[in-house]
Structures are given as C-alpha cells and as structure tokens.
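# Structural features, examined
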Amino acid sequence: MDDLLQEFIAETRETLEALSGEIVAWEAHPEDRARLDAIFRFVHTVKGSCGFLDLPRLGRLSHSAEDVLAQVRSGDRKPDRALVNAVLAVVDRIGELVEAIDAGASLDDTGEDLLIAALAEGSAEVAQASNGAIQRVASRSVRLNVELLDRMMSGMSDMVLARNELARRLRQGEIDPAVEAALERLSLTVGEMRDTVTRTRMQKIDALFSALPRMVRDTAAGLGKSVMLQVEGSDVELDREMIEVMRDPLVHIVRNAIDHGIESPAERRAAAKRENGRLSVSARQSGNQIIVEIADDGRGIDTERLIRKLIAQGRNERELRALPERAKLDLIFQPGLTSKDEVSDISGRGVGMDIVRASIEQIGGRIDLDNAPGKGLRIAIHVPLTLSIISAIVVGVSKQRFALPRQAIEEIVTERGDQIRIDMLGGSRIATVRDRRIPLVDLGELLGIEHRQAFGEAQMLAIVSVSEGSYALAVDTVLDNEELVIKPASPAVMTTGVYAGQTLPDSGLPMLMLDCAGMARAAGLIFHRDTLHDDEDEDAVGETPGTPALLFADLDGKRRAVPLAIVDRVEQVESASVRFSAGSHRLSIDGRILPLAAQGEVGTRAKLSVLRLKDGDNEVAYAIDEALDIVILPEEIAPAREPGPVAGVVLLDGEQVELLDAFWVFGEFGSDDEEDVAPVCLLAGDSDGWMASFVRPMLEAAGYRVVTQLASGETAAVVLTQSDLAEADGAAMPVVRLRRRKAPRGASDDSVYRYDRMGLLSALEARVAGGRA
C-alpha cells in the first residue's frame, strides 16, 4: 500500500502543476472541450484512487468537483467566474491535502464544507479559508518515458562493453599502476551505475499477481467450483514491459486450470480428493531468468483425449501414437485444439494455448509442462530479464564460444584431478567428483559441434546447479569471466530451450548464453518433482520412489539387474588380467587383486566388462557382457526359492529380469580388507622357511593374516611353531605345535602332523576360539 500511495502522490503532484493554468485558460475559452475533459479526468482519477486508498476527505472534494464538471460537459450548466473560482479552490485544497499526507502532518477540515457549497449553481462566491501552508516534501521520484529508460540501458550496456575491452587491451601489455588504479575506480563506478540503471525498469511482479484472487474467485464461482489460491514470490522484480506482455498469458492459464484442470466437487469426492481445489501461482528468479509457475491438483492433461480430438480433425493416428510422451503432452499447444466438448464463456473454442506459447516465445521465453494424470499439472513459464548485465563464464567447444551464468556454476574441475573420474553406466556418462556421482553432459555432442576431444581424454568439467539438481558439463576450455549484456535471441533460437539469450562481448563477436536447465532437459536428465498436494495428506498420496538399479546383459545371456547403490563403476579390462588361481577367478586391477564373480564363461574375448561392487568394506568384481541402462526397480519382487546368485525376479517393461543377490556376491567372494578383523597367526621358529613356503598360503586362504614378527603392541590370535623347538616365541599366547612324524609321541602330545591340513585348521580354530573365550 505504501508504494501505491507514493505513486498516487507523485502523479497527483505532477498533474496539479499543469492543471491550474488549464482551468484559467478554460475560463477564457469555455468552448475548449479538450481542457474541460483534462480537468474532469483529473478529479475523476483522484476520486477513484481515494476510494481504493481510503482517503475520504479527498474523495468527497473530488466527487463534488466531478459532479459539477459533468454538468458542464453535458451542457446543463454554463461555466462562469464563480464556478471557475470554486473549482480552483477545490483543486488547491486537494493539493494541500496531498502534501499533508506526504509529510505525515495533520490538516483540519475547516472550510471544506464552504468550498463544496460554493460549487453549487447560484451560490455566493466563497473565499477559501487558509489553514497555513504545508511545507512541501521534496520529491524523491521522477517520471520518465520508457523510451528514455531504454536509451539509458543501451548506453549503459555500451559502457560496460567498452570497459571490458579497455581492460582486455591493457592486460595484453605492462600496465602503469596509476592507469590500473584509474581503471579499477572506473570499474567500480560502472558497476554501481549498471545496478542502478538496471533497476529503473524493474517492477515487482505483484502488479501481475494482484488481480488473481478476484479473478479466481469469480471464475470458480461461475463454474460451481471451490478453489483455494496460493500466491508466492510477489516481491520478485521483473522488467515492466515483460509484466505487461505476460498479463494475458497468465490470465488464460489460470482460467484454464480452473475450467479444464480442477474437477467439480462431486468428481473430487469420487477421486478421494478434497472438495476445495488448490491452485498455486509462484515466481522466482533463476540466473538471468524469471520462472512463473502455475500448479493445480486437478485431473492433469489426458493425452489420449488430445490424440482422439486430433484424429477427429484428420490427423494421422499412427504418427500421433508413435510420439514420445513429451511430444504427446505438447499437443496441447496445437492450434484449434481444445479438450472441451462444450463451448462456454471461458473455453471450448480451440483458441488459447497456442496463442499463449506464441506470446511467450516472442519475448524469448518458453513454457514447460509437468503432467501427472489424475494428480495435477504444473506449468512453468521461463522469461528472460530483457536487458540484464550478469557475470558469466565464457567456455569454448572447438572454435565456438558460449557463456554460462556465473551463479549457476558450483565449481570448475579438470578430469586430470585425482578425485575426478568419468565412467559409463548403461550408455550414460557419470562423473564422480570427490565421491559425488552426477550425470555428465558433453556440450559439443549436445549442440552437434565436432569435438576435438574424444571420450576418455582429459576434459574441463563445469559443475552446474539447477533448481532440480546438479550435473557436470564437459567443455574443451574455460576462457574468461566477463560481465555481459544479455538480450533475447531470435524466437527460432530461443525455442530450442538450450539458450537463454545472446550477448556481444568486447571481442565484437556475437555469443549465445546457455540455459543450464534447458540443457539438462535436452540431454534427457529428468529431475523428479512431486505434484502439488496437501502437506497433511503427504503420507497418503505421496509415492515411495523405487530403487535405482543397473540393468546389464550377463555372460550367460540373461538380463539381470543389480542395485545401483553397490555399483562403484563399470570398467573395461583386458582378459589377460583375469586368472584362475587358488580355486577361483581373480582380477588384477589398480595394483590390487580382486575376487571375480561370474555367471557364464569368460570365453576368448579380448576385453571384458566388469562391475566393481562395493559394500563399504569389501570390493568384488563381477564379470558381465554389457551394461544396458539405469532403471527403477518395482516394489514387487518374486523371491527365489533357494539362496544363490539370484535374489528374485522383477518385471521391467513386461520382461522378467533376474535381480543379482548382493548377499551371495559378498558372502561368496567378499574378503575383509580390515587388518584387525582377520585373526593373526604368528609363525615362530621357522628357521628353515618351511612354514612360510608350505603353510602360509594355506592359512591365508583360510582367512588368517600370517606374520613372522609381531608389530609393536600387537598380539597374535594363535602361534604356530614346530614341536622340536624348545619353546615358542610368545608362548603366553595360544600355541599350535607341528610335528614331523604322523604318529604322536604319547597320550599327552597335542601337536599336529604338519601335513594334516584339516587337523591343523581345526586346531588353529580351536585355539583362536579358546583365546577369545
């Protein structure tokens, strides 16, 4: 309200300055209808504003003057000197009241009744009683033509570009410290002016949202529905011209949501919904764009109904049904299409969403649909800040240069780093950045630019953050950090959804600004967002997301899946690195030996794909034929009858797929790398090296950690020594003695024949268990 009151005061002052002269000129030429109309419009505007702003005294004075001037306009009364003096007195009093309101001063109403009485025909001329002049508050605002603001913004843009070019040229040689200091002061000044000029055209989007509550109420009442409206982000600022352009599209979408989307109370009861529909309108700034979202909890878009409507209009049914789901949803924008069977005052004529999209695209924006049949529809309108100067990172792909909004970039890393790794999972690239796994998008491939860097070579990765999540953007080079002036590109460019606008950097070569969220959509990175629902009903209507899993073709020809949580990476290895040793297959990789699980024959292939599976402590390699895709496992799993490699069977796209049993993998092939878990066996008195050569491999295969000397403070779980030694080192610990002969020397001889494998392992196990007890 304060903003509206200040605007009213500024407009009233501006009009009053010119109005007194107009009244005097009208008295000299009473036939001048243009001047009479101007005076009438002023008092009429004041009267209307006073009702809205709750200013009853101003409203009473302006209403009286309006009535008299209306009589003059209709010819019922002739203007004379007394009438002109009375109107002038009322106008002066309006001016005094406005200044009092602005100054916060009180002004009594003495003489105002006489002023109103003087307006009556035949009344004696009454002089206005002065209450003392109110000190006028210095005006803090100036009304400017929009064209002048455009010229200011254009000049500011040129100044920023000239500053950038000057800085670039100075960097090419040695800079005089005095010149560098002057350039720094210039940069600070330009930055402050840039922010100030940019804000001159900005207006709160509340000017767009303020009319929605009444419109929603009237529209819903006319349709026999009850709709609750929630408005958020009214304080977001947008270019004034953009607000005007968006007004009609927003009204159309909101009315459609009430008419097409939200069901009648009876339908909502039958669908186990609340009778009151919910409609949410919100605005937020994302980078150099404003996103306006309209979401409802209605029936959503029935794409099958849209297809039937288009078939009835003569469209090819086979082509329509072959469209992907996203394209089927976009059919709502087809000209002449409506999902309503009856024509009403609101809809049914087939004129609407195509016009809405055309209007948004003309200003360089786009519309995104997020449909949940039976639950609701979310429409996101992305519009640029028409003339905006933002900080951007310039990146290169081959010989092309593009700009990325600086605020959307979390960090820039190189694949050469120790903590950076790129893997392939089911045909998709995944970047692992310090144990954080995020999808990777190659900018050159996305834009169809021939790349000088192939997959596997070192790349620069920009970690990009959008509202739904983060992803890594692979580029060839990162060139510079610049402040750029962003303007909408042509509609053909903006409708691709990949670009947010165009700019002209100091090099003079035009450059496109990339849309980070648009690139994620173009690359197929779907970030799930729930549809609108009541907070208190969240547990009832919310769906539990499934478990992500990696679908792969196994060596035995079957398609299997494994939970993605235990898949560290998928790697191609040389078959020569796989050996069958100590009773099982083992893989040599990264300077380590990993147990290798497989279901099927490795065969004679030169390379082998392996899944590196981790459960936090253990790592096991699992040989496969090919990684296929990342899928979401359904909740229903048919369990296997017996424990083994397969935990059960799930249904994916109508196909039965076996689920690999992680318990079997780690139970059969896992080994604990933690040294303090494996029992320590000390080989004592092995002077001839026999135990190290013959016994040690057997013990390590059985899970013991075998040492010939204990570390400082370390204790062995069991000591193994040969019986002909006088006394074993560490005799205070459990001891197993070996003898060279098969037969014991007597009943008291508890030694073990050194080639009795089972006897030795049993004795060790008994001693270790006894020691723990």
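Remember, it's a predicted structure, so these values are computed and weren't measured experimentally.

The rules behind these values
- Residues numbered from 1 in each chain as written.
- Predicted model: local features only at pLDDT ≥ 70, side-chain atom pairs only at ≥ 80, totals over all residues.
- Heavy atoms only, no water.
- Helix = DSSP H or I, 4+ residues; strand = E, 2+ residues; numbered from the N terminus.
- Buried < 20%, exposed > 50% of the residue type's maximum accessible area, 1.4 Å probe, protein only.
- Areas by Shrake-Rupley, 256 points an atom, 1.4 Å probe, with all protein chains shown as cover.
- Salt bridge = Lys/Arg side-chain N within 4 Å of Asp/Glu carboxyl O.
- Core = buried A, V, L, I, M, F, W, Y, C linked by side-chain atoms within 4.5 Å.
- Contact = heavy atoms within 4.5 Å.
- Polar contact = N/O pair within 3.5 Å; in protein donor to acceptor, adjacent residues only side chain to side chain.
- Arc of directions from axis to C-beta.
- Pairing = 2+ DSSP bridges.
- Axes fitted to C-alpha atoms, helices over the stretch in contact; angles between N-to-C directions.
- Phe/Tyr/Trp six-rings, centres within 6.5 Å; stacked < 30°, edge-to-face > 60°.
- Expected span 1.5 Å × (residues − 1).
- pLDDT = per-residue confidence, 0-100.
- Left-handed = near helix turned anticlockwise from the far one by under 90°.
- Nonpolar A, V, L, I, M, F, W, Y, C, P; charged D, E, K, R; others polar.

## Focus: the overall build of the chain
Of the regular secondary structure elements, the chain holds 22 helices and 35 strands. The buried share of the chain, taken over its 773 residues, is 42%. As displayed, the chain offers around 40900 Å² of accessible surface, 49% of which is attributable to carbon and sulfur atoms.

## Quick notes on the pattern of salt bridges
For the coordinates displayed, the defined rule picks out 25 salt bridges. Of the charged contacts in the structure, one is a salt bridge between Glu 619 and Arg 612, with a shortest N-O distance of 2.7 Å. Considered together, Glu 619 and Arg 612 belong to a single accessibility category, that of buried residues. The partner of Arg 767 in a salt bridge is Asp 750, and the shortest N-O contact between them spans 3.5 Å. Placement of the pair is Arg 767 in helix H22 (residues 757–772) and Asp 750 in the loop between strand E34 (735–739) and strand E35 (752–753), with a sequence separation of 17 residues. Relative accessible area serves as the criterion here: at 52%, Asp 750 is assigned to the exposed category. Within the structure, one salt-bridge network assembled from shared partners comprises Asp 554, Asp 556, Lys 558, Arg 560 and Glu 658.

## Comments concerning unusual backbone geometry
Here the phi dihedral of Ala 272 falls at roughly 60°; this positive angle occurs in a residue that is not glycine. Mapping Ala 272 onto the fold places it in the loop between helix H11 (265–270) and strand E4 (277–286). Phi at Ser 398 is positive, roughly 55°, even though this residue is not glycine. Note on placement: Ser 398 falls in the loop between strand E8 (388–397) and strand E9 (400–405).

## Considerations on the nonpolar core
Burial of nonpolar side chains together is a common tendency in soluble globular proteins. Phe 209, Leu 250, Val 254, Val 292, Ile 294 and Ile 381 are the most contacted members of the largest nonpolar core, which has 43 residues in total. Sort the elements by how many residues they give to this core and helix H10 (residues 240–261) lands first, with 8 residues. For Val 254, the contacting residues outside a window of four places in its chain are Leu 212, Met 215, Val 216, Leu 279, Val 281 and Ile 294. Membership of the second largest hydrophobic core comes to 38 residues, among which are Ala 89, Val 90, Val 98 and Ala 100.

## Describing the side chain of Glu 658
With respect to the helices and strands, the residue Glu 658 is situated in strand E30 (residues 655–660). Among the polar contacts made by the side chain of Glu 658, one reaches the side chain of Arg 560 at a distance of 2.7 Å. Leaving out residues up to four positions away in the same chain, Glu 658 has contacts with Lys 558, Arg 559, Arg 560, Ala 561, Val 646, Gly 648 and Val 649.

## Considerations on helix H12 (residues 303–312)
Each turn of an α-helix holds 3.6 residues, which means side chains three or four residues apart point in the same direction. Taken together, the buried positions of H12 are occupied by Thr 303, Leu 306, Ile 307 and Leu 310. Down the axis of H12, the sector holding all buried residues measures 100°, keeping them to one side. Turning to H12, the residues buried within the fold contact helix H13 (317–321) and helix H14 (325–329). Two or three places before Glu 304, at the start of H12, stands the capping residue Asp 302, its side-chain oxygen 3.2 Å from that residue's backbone nitrogen.

## What about the side chain of Lys 225?
For Lys 225, the location among the structural elements is in the loop between helix H9 (212–222) and strand E2 (227–232). A polar contact of 3.1 Å, which involves the side chain of Lys 225, links it to the backbone oxygen of Asp 259. Once residues within four sequence positions are removed from consideration, Lys 225 is found in contact with Ala 220, Ile 258, Asp 259, Ile 262, Glu 263, Ser 264 and Pro 265.

## Let's talk about the sheet that holds E2
Strand order in the open sheet formed by 5 strands is E2-E4-E5-E7-E6, and the pairing between neighbours is mixed. Each edge of the open sheet carries a strand with a single partner, namely E2 and strand E6 (366–372). In this sheet, neighbouring strand axes are inclined to one another by 15° on average, regardless of whether the strands run parallel or antiparallel. Relative to strand E5 (residues 289–296), E4 runs antiparallel, the two sharing 8 bridges. Residue pairing in the sheet places Leu 279 in a bridge with Asp 296 of E5. Across the sheet, H10 is in contact with E2, E4, E5 and strand E7 (376–384); its angle to E5 comes to roughly 15°.

## Concerning the packing of aromatic side chains
Taken as a whole and judged by the stated rule, the model has 5 aromatic pairs. Centroid distance Trp 690 to Phe 694: 5.6 Å. Interplanar angle 20°. Geometry classified as stacked. Residue Trp 690 and its partner Phe 694 are both found in helix H21 (residues 690–701); the two are separated by 4 residues, about one turn of the helix. A relative accessible area of 9% places Trp 690 in the buried class. When the centroid spacing of 5.5 Å and the interplanar angle of 85° are considered together, the rings of Trp 690 and Tyr 755 count as edge-to-face.

## Topic: the sheet that holds strand E23 (residues 584–589)
In space, the 6 strands of this open sheet follow the order E21-E25-E26-E24-E23-E22, with mixed pairing throughout. Because the sheet does not close on itself, it has two edges, and the strands there are strand E21 (567–574) and strand E22 (578–581). Strand-to-strand twist of the sheet, defined as the mean angle between neighbouring strand axes without regard to direction, takes the value 40°. Summarising the sheet, E22 and E23 pair through 4 bridges and their orientation is antiparallel. Across the sheet, residue Ser 581 finds its bridge partner in E23, namely Ser 584.

## What about the pairing of E23?
Pairing geometry for E23 and strand E24 (residues 592–597), over 4 bridges, is antiparallel. Looking at the pairing, Leu 587 lines up with Leu 594 of E24. If you look at the hairpin formed by E23 and E24, you'll find 2 residues sitting between the two strands, and Asp 590 has a positive phi there, around 55°.

## Overview of the environment of Pro 563
The topology assignment puts Pro 563 in strand E20 (residues 559–563). Through-space distance from the C-alpha of Pro 563 to that of Ala 662 is 8.4 Å; in sequence the pair is 99 residues apart. Apart from residues no more than four positions distant in its own chain, Pro 563 is found in contact with Pro 548, Ala 549, Leu 659 and Leu 660.

## Brief notes about the environment of Arg 605
Here Arg 605 is to be found in the loop between E24 and strand E25 (607–614). Put simply, Arg 605 and Ser 575 are 30 residues apart on the chain and 6.9 Å apart in space, counted from C-alpha to C-alpha. The residues contacting Arg 605, other than those within four sequence positions of it, are Leu 555, Ser 575, Ile 624 and Asp 625.

## Thoughts on helix H3 (residues 56–74)
For H3, with 19 residues, the first-to-last C-alpha span of 27 Å sits near the 27 Å given by 1.5 Å per residue. For H3, the complete set of buried residues consists of Leu 58, Gly 59, Leu 61, Ser 62, Ser 64, Ala 65, Glu 66, Val 68, Leu 69 and Val 72. Directly beyond the C-terminal end of H3, a positive phi value near 90° is found at Gly 75.

## Examining the environment of Val 216
Positionally, Val 216 belongs in helix H9. Val 216 sits 11 residues away from Val 227 along the chain, and the two C-alpha atoms are 7.3 Å apart. Aside from chain neighbours lying at most four places away, what touches Val 216 is Val 227, Leu 229, Val 254, Ile 258 and Leu 279.

## Side note on the confidence of the model for the chain
Looking at the chain, pLDDT values average 78 and 84% of them are 70 or higher. The least confident element of the chain, judged by mean pLDDT, is helix H19 (residues 538–541) at 38; the most confident is E2 at 91. A low-confidence stretch, residues 528–544 (pLDDT under 50), is modelled with 29 contacts involving residues beyond four sequence positions or located in other chains. Contacts from residues 672–676, a stretch scored under 50 in pLDDT, to residues over four places away or in other chains number 8 contacts.

## Overview of the packing of H9 against H10
Working note: a packed helix pair is described by the angle between its axes plus the distance between those axes. Interhelical geometry of H9 versus H10 gives an angle of 35° and a closest axis separation of 10 Å. The chirality of how H9 crosses H10 is right-handed. Here Leu 212, Met 215, Val 216, Thr 219 and Ala 220 of H9 lie close against H10, whose contacting residues are Leu 250, Val 251, Val 254, Arg 255 and Ile 258. Split by residue class, the contact of H9 with H10 holds 8 nonpolar, 1 polar and 1 charged.

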